[in-house]
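Architecture at a glance
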Amino acid sequence: MKKAILFLGALLVLPFTGSAQEIALKGKELFGDMNARHIGPALMSGRINDLEMHPNNTRIIYAGTAGGGVWKSVDGGATFSPIFDEHPQSIGVVTLDPKDPDNTIWVGTGETWTRNSVSIGDGLFRSTDGGSTWNEIPGFENSERIASVVINPNNTNEVYVGVLGALWSDSEDRGVYKTTDGGKTWNKILYIGPSTGAADVIMDPNNPNTLYASMWEFRRSGWGFASGGPTSALYKSTDGGANWNKIHNGFPPGDLGRIAVAVAPSDNNILYAVLETEDKAKNGLWKSTNSGQSWEHLNNDFGLVVRPFYFSRITVDPRDPNVIVKGGLNGSISRDGGKTFKDLGNMHSDIHDVTFHIKDSDIMYSGTDGGVYRSWNGGTTFEIVENLPLSQFYHISVDDAEPYNVYGGLQDNGSWYGPSSSPGGVNARDWNSVGFGDGFRVLKHPTKNIIYSEMQGAQNVWRYDADRHKTKTIQPLQQKGKAKLRWNWNAPMAVSHHAPDRFYMGSQFVHKSNDMGDSWEIISPDLTTNDPSKQNQQDSGGLSMDNSGAENHTTIFTIAESPLDENILWVGTDDGNVQVTKDGGKTWDNVTANLTGIPANTWVYHIEASVHGKGIAYAVFDGHTSGDFTPYALKTTDYGKTWTNIISEDVQAPAFVRNIQEDYENENLLFLGTEMGLYVTINGGKNWSQFTNNMPPVAVHFVDLQKQTNDVVMGTHGRGVIIIDDISPLRELSQEVLSKDVHFFTNETFTMKESSGFSGSFGAETQFVGRNKTTAARIIYYLKKRHTFGKMALEIQDMDGNRIITIPPGKSKGINVVTWGFFGERPKMAEGKTFAAGGFTSTRVPAGKYKVVLTKGKKTYEHIIETKYDDTSLTTLAERKEQEKYTMDMYNMVEDLAYTVHQLTETQKTAQMVMEKHPKGKKTAQKLYDALESLRGDLVITSGDNYVASAEPELRERMGTLYSNIASSYDRVTQDRKNNYVLISEEYTAEKARFQKIMEKEGKKFMSFLEKNDIPKPAIKSKEDFLVK
Amino acid sequence: MKTLKLLFVLCALVAFTPNTQAQTAEEIVDNFFENTGGMDAWKKIKSMKATGTASFGPQKFPFIMYTMVDGRMAAEVDLQGSKFIPQAFDGEKQWAMNFQTMEAEAADSEASQNYKANEAKDFPDPFLDYKSKGYTISYEGKETIEGTEAFKVKLTKNPIMVDGKEEAHSVMYYFDTENYVPIVSEEKITSGPQKGMVQQTLYSEYLEAGDIFYPYTFDVKMGGQVVQSINMTEVEFNADIDESIFVMPEKATPAEGTKN
């Protein structure tokens, strides 16, 4: 029997090797509390699709944004907060339930202003708790973009949804849908055809059975846009959507395009519509005064007809049917029922939506390509909301400054660079403009303070001398006898890793300059398909011509120079070609035919030439402009002869891929920028995990890895720049690490940064401020399981095991990041009537090695870290050692005073008690008490408050101030401080002697009285106990 | 012995927790109380004296917190040897000491009313007899948080007044699916400069305190970063508490001739 038990015991302790299961942690399990930080910018904000006012609470406003989710203001539009960060960020419409507007919010995803760079939605969502949680409403999974949600105010289970639908392909998921059971079941009640969607659905304010639906025939491709056709029409139903009739009486014959429609809230007979027609003279504003029975044409000014696909919103003042506002390039307002208009006041151009305050028409809110604006005077003056970081980057890059800068270009908001960290956080004022128009790629010269930037279609490529503030345009121009150049809207540029002045650009050719763009050489043939059927941009737009250059096609889109060999260049084109040269452009291999699983002509969005081998490259492909949202990414190790798919089932449509970034050290660590956020693999693409810690599923257009810091920097198209600090722990993840209970990741030596200064926080009340990277030591460890039960503590100790400080540990499963600012404890201060500010200063540790000791239950895990002084320091090592000595001397003196005051206080307490309860000893006690009280008055402040009624500083305050001055300074201890030290230490020595004397004289008599009368002695702690922290 | 007991309870948790399929909020909450000592033990708690340290980055403050089942509470912080009370509730009003004058001042009446309607009912646990408090609960599905699979239970509390307007008030709790204890709660900040932002509270270091298991550490996170960490070293239930601590002290009368 005993043997059997032993055997069983042996079985239990034997390692289980039968079927060693691979630990495959995903997403939040793996990333633990690694968090992304957002640095904006918000100063130019980003595109707004839809504004929604709460019907009876003037404080609440919602903004549905083009690429940055839904934001809610609870302070009347002064500030906004994001409330939709776990869901698709491209928003079509936000609608509140008229009966339950505090809680029930509907969000239709998918932007409806269908420009070339528009993102996609992914369904219909509803919150019933004011936006805290969301549920997807089944039935709209393929809706792509939802324009309207309209709710019957008398029966809020009756909801109409207008689905605009797919932009780049046919789709039957379009038209008007209705539910009568609060969203459980839906019927499609108006469907025209696979290319015609609902651009707007509105309800008569007095009669919920009367509906108007504007249906729009539209289509975009990679090389063109068409608005309008025979199926575009304005419909009316008077029976809750059962039957629909066209209401075109008065409209011109022929095809129609996008139609805006609005009904006056204060007079439901009055309708306004904005038409796009075949007859230019009949475009613009139409009005009906009989609920759509007939129409009259009123106005075709520029503001009313401009770019209907982009501006198709009319808002009628809720109190005055003659005051109407139309979105547009500048936005227009009429106060005479639409006969005449003037522009709205200055604000960012491209106005997509305007709303009126629910009680005061002087107050208006405007949603633009550059954020939300407020007007207090009926639309003449507008001011921007300053905390909406919705910037839409097409591209970003980083430099090697400290802190590094992030460079990038924005949709309709120019080109910029700004610091990744800044005193007080990354503010609006930290960002610098380096280009106007639409901005795209912005690259820093590798060695000079020169920045390259561009605007749409390479109309201008700037070389900006940031030191001398000189700008030069350097874009390659057509040369005699050569072909006309075709530039993408977002034209590629690249700087060389090998020759700092070398600069590349791509039209249909690769252009190379060895003198920073002063002269150019074409080093390739036309690398595109040069398909003439995709080169008719002058015909783009449909009924309204729209030749902005946004549809330029058959162009080079990405250029990647090998970091290992200057002669290896990779090129990807928007029409699906992958080309590579190994001889600096003399010969090119078109390796497109070798691609596997990529549909022909799929846009090559990015190629990453690897640092891990000359023949290694990654290519990502984006088919969304042909309606294909499949994620595609391939890897080659042989210059493109063969390719391997590196997308696993973890990445699903519609997360189509725009970018990939490899790690510079671990070939298997890759970062994937998709339309639905960031994915990470630690095994070369066998599995991917979505990174969701403070990272919404926003479109990630570009990912870069900053080499010195190992920070992943993302240019998102709707939430600005998002950074994941130091991803190096991901390099270390292996099966061995994942199977350990606790694993500390390797740290490089931490530099104890010495910088101080002033940031000012003016405006921060309402402005977005981006979070800084910590300058503290980041202690990073992996926990196999969350620590929920039992004690867990983290201590920093010196190498002899003496505790320096205790830090609250992270306890998450996965990766934990804990910071230590190189501080020790604060000194214990003597008790006084008020606080001594100096007592809030902690000591700083000297450079050297330290132990990180993690205690988890009974187990202890140790890790050694090392710190070093800042190279930019002002002091010599000897001066610093002197400063450290002075600091500790002062620290000890401050604590010694605290202990003296403790002894004094406890003695006084006993004396007080004797005075009250032992008349015989009263005189002796009183003498002692008075002598000590007099001493106390010289040691610490005994009156006043912490503000302007403060007393004159006593020894404690002056000692604390000197301690703090020395401990927190980044410079040597000056003679002035040393003199003050002598003064204070001498004074303290004298006061201590005074204390001693009192205790020897008055104290001795008192103690003898206590002893004789069996009265307990003062409750004085030992110094060690007193100083326990 | 204590460790042994803890080990035993942990084993029991793993062994006896019911199937995690088809949960209701009620079942989750019941399991939580059952696994941490039983509803009866929780209901016996009438007061708590907790001693610990509050950390704000490198700054640490030792505190003692006194809480009564009737909602009264006071937190007492040792600031350079002085007793500073940054938060207290006397049953009707919230009060706190002004940092400049070190004297007690009442919070605005809205804050007191909101506290009385909600937080004052939350000791020893907001889910205990939640119905009698006017709260409701609902199961909101599973989610991974703190790297750990959790049940989401929404606790809808009593409405609060925010700057004169009534607002709904709810807190989302995440219960570890393995042992049913809350590991995280989330709520929106409703007033002040951070209004609209979501605040997370992480619960850990569940330890035996009296007859129950109680989280000794609360970490408060905003935007993914820990902004405050409360670590208790000693928790005493049904302790003798000098109830005068809850009473808001009168302001000192200025001495004659003192300037305002």
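About the criteria used
- Residues numbered from 1 in each chain as written.
- Chains lettered and ligands numbered in written order.
- Predicted model: local features only at pLDDT ≥ 70, side-chain atom pairs only at ≥ 80, totals over all residues.
- Helix = DSSP H or I, 4+ residues; strand = E, 2+ residues; numbered from the N terminus.
- Buried ≥ 20, exposed ≤ 12 C-beta atoms within 10 Å, placed from the backbone.
- Contact = placed C-beta atoms within 7 Å.
- Axes fitted to C-alpha atoms, helices over the stretch in contact; angles between N-to-C directions.
- Parallel < 35°, antiparallel > 145°, perpendicular 65-115°, else oblique.
- Left-handed = near helix turned anticlockwise from the far one by under 90°.
- Nonpolar A, V, L, I, M, F, W, Y, C, P; charged D, E, K, R; others polar.
- Pairing = 2+ DSSP bridges.
- Domains from an automatic or database assignment.
- pLDDT = per-residue confidence, 0-100.

Comments concerning the overall build of chain B
- The helix and strand inventory of chain B stands at 4 helices and 15 strands.
- Taken over 260 residues, chain B has a buried fraction of 34%.
- Long-range contacts, defined here as pairs at least 24 residues apart, represent 44% of the contacts in chain B between residues at least 6 apart.

With respect to the packing of helix H7 (residues 922–939) of chain A against helix H9 (residues 975–1012) of chain A
All names here are of chain A.
- At their nearest, the axes of H7 and H9 sit 9 Å apart, and the two run at 160° to each other. It follows from the interaxial angle that H7 and H9 lie roughly antiparallel. Handedness of the H7/H9 crossing: left-handed. Counted together, Thr924, Ala925, Lys927, Leu928, Ala931, Leu932, Leu935, Asp938 and Leu939 of H7 and Glu991, Arg994, Phe995, Ile998, Glu1002, Gly1003, Lys1005, Phe1006 and Phe1009 of H9 form the full contact between these two elements.

What about the environment of A:Lys246?
Residues and elements named next belong to chain A.
- Tracing the sequence through the fold places Lys246 in strand E18 (residues 245–246).
- For the pair Lys246 and Val604, spaced 358 residues apart in sequence, the C-alpha separation works out to 43 Å.
- In this view, Lys246 contacts Ala233, Leu234 and Tyr235; residues no more than four positions away in its chain are not counted.

Quick notes on the interface of chain A and chain B
- In this complex, chain A contributes 46 residues to the contact, which on the side of chain B involves 42 residues.
- Ranked by the residues each element gives to the side of chain A that touches chain B, the list is headed by helix H2 (residues 27–31) of chain A, at 3 residues.
- Taken together, the residues that form the side of chain A that touches chain B break down as 11 nonpolar, 21 polar and 14 charged.

Quick look at the sheet that holds strand E32 (residues 405–410) of chain A
All names here are of chain A.
- Spatially, the 4 strands line up as an open sheet ordered E31-E32-E33-E34, and their pairing is antiparallel. Each of the sheet's edge strands pairs with one partner strand only, and the pair in question is strand E31 (393–398) and strand E34 (432–435). Across the sheet, the axes of successive neighbouring strands diverge by a mean angle of 25°, strand direction being ignored.
- Bridge analysis of strand E33 (residues 415–419) against E34 gives 3 bridges, and the strand direction is antiparallel. Counted as the bridge partner of Trp416 is Ser433 from E34.

Things to note about the domain arrangement of chain A
Residues and elements named next belong to chain A.
- Taken as a whole, chain A is organised into domain 1 (391–444 + 447–482), domain 2 (496–539 + 548–645), domain 3 (750–754 + 767–869) and domain 4 (877–1026).
- Broken down by secondary-structure element, the contributors of at least two residues to the side of domain 1 that touches domain 2 are strand E36 (450–454) and strand E37 (461–465).
- Residues belonging to the side of domain 1 that touches domain 2 are distributed by class as follows: 6 nonpolar, 3 polar and 1 charged.

Topic: the environment of A:Asn687
All names here are of chain A.
- Along the polypeptide, Asn687 turns up in the loop between strand E54 (677–681) and strand E55 (689–691).
- Residue Asn687 is classed as partly exposed on the basis of its 19 C-beta neighbours within 10 Å.
- For the pair formed by Asn687 and Val651, sequence separation is 36 residues and the distance between their alpha carbons is 8.9 Å.
- Setting aside residues up to four positions removed in sequence, Asn687 forms contacts with Ala24, Lys26, Ser648, Asp650 and Thr681.

Some thoughts on the confidence of the model for chain A
- Per-residue confidence for chain A gives a mean pLDDT of 95; residues scoring 70 or more make up 98%.
- Counting interchain partners and residues more than four positions distant, the pLDDT-below-50 stretch residues 1–19 of chain A has 0 contacts.

Let's talk about unusual backbone geometry
Residues and elements named next belong to chain A.
- A cis amide bond, omega 5°, links Gly40 with the succeeding residue Pro41.
- By the secondary structure assignment, Pro41 is in the loop between strand E1 (36–40) and strand E2 (48–53).
- Following Glu402, the chain continues to Pro403 via a peptide bond in cis, the omega torsion being -5°.
- Structurally, Pro403 can be placed in the loop between E31 and E32.
- Unlike most non-glycine residues, Ala458 shows phi in positive territory, near 55°.
- Relative to the assigned elements, Ala458 resides in the loop between E36 and E37.
- Judged by the 28 C-beta atoms lying within 10 Å of it, Ala458 is buried.
- One non-glycine residue, Thr554, lies in positive phi territory at about 55°.
- Thr554 sits in the buried class, given 25 other C-beta atoms within 10 Å.

Overview of the pairing of strand E15 (residues 211–221) of chain A
Residue and element names in this part refer to chain A.
- For E15, a buried count of 9 out of 11 residues is recorded, marking the element as mostly surrounded by other parts of the structure.
- As paired elements, strand E14 (residues 196–203) and E15 share 7 bridges and run antiparallel to each other. Across the sheet, residue Gly197 finds its bridge partner in E15, namely Trp216.
- By the bridge criterion, 5 bridges tie E15 to strand E17 (residues 233–237) in an arrangement that is antiparallel. Across the sheet, Ala213 pairs through a bridge with Tyr235, a residue of E17.
- When E15 meets strand E16 (residues 224–227), the two strands line up antiparallel, connected through 4 bridges.

Some remarks on the environment of A:Asp976
- Residue placement: A:Asp976 occurs in helix H9.
- Distance from A:Asp976 to A:Gly757, taken between C-alpha atoms, is 22 Å for residues 219 residues apart in sequence.

Side note on the sheet that holds strand E30 (residues 383–384) of chain A
All names here are of chain A.
- An order of E27-E28-E29-E30 is seen for the 4 strands of this open sheet, with the pairing classed as antiparallel. Each end of this open sheet is capped by a strand with a single partner; those strands are strand E27 (351–356) and E30.
- Here strand E28 (residues 364–368) runs beside strand E29 (residues 371–375); their pairing, made up of 5 bridges, is antiparallel. Considered in E29, the bridge of Gly367 is made with Val372.

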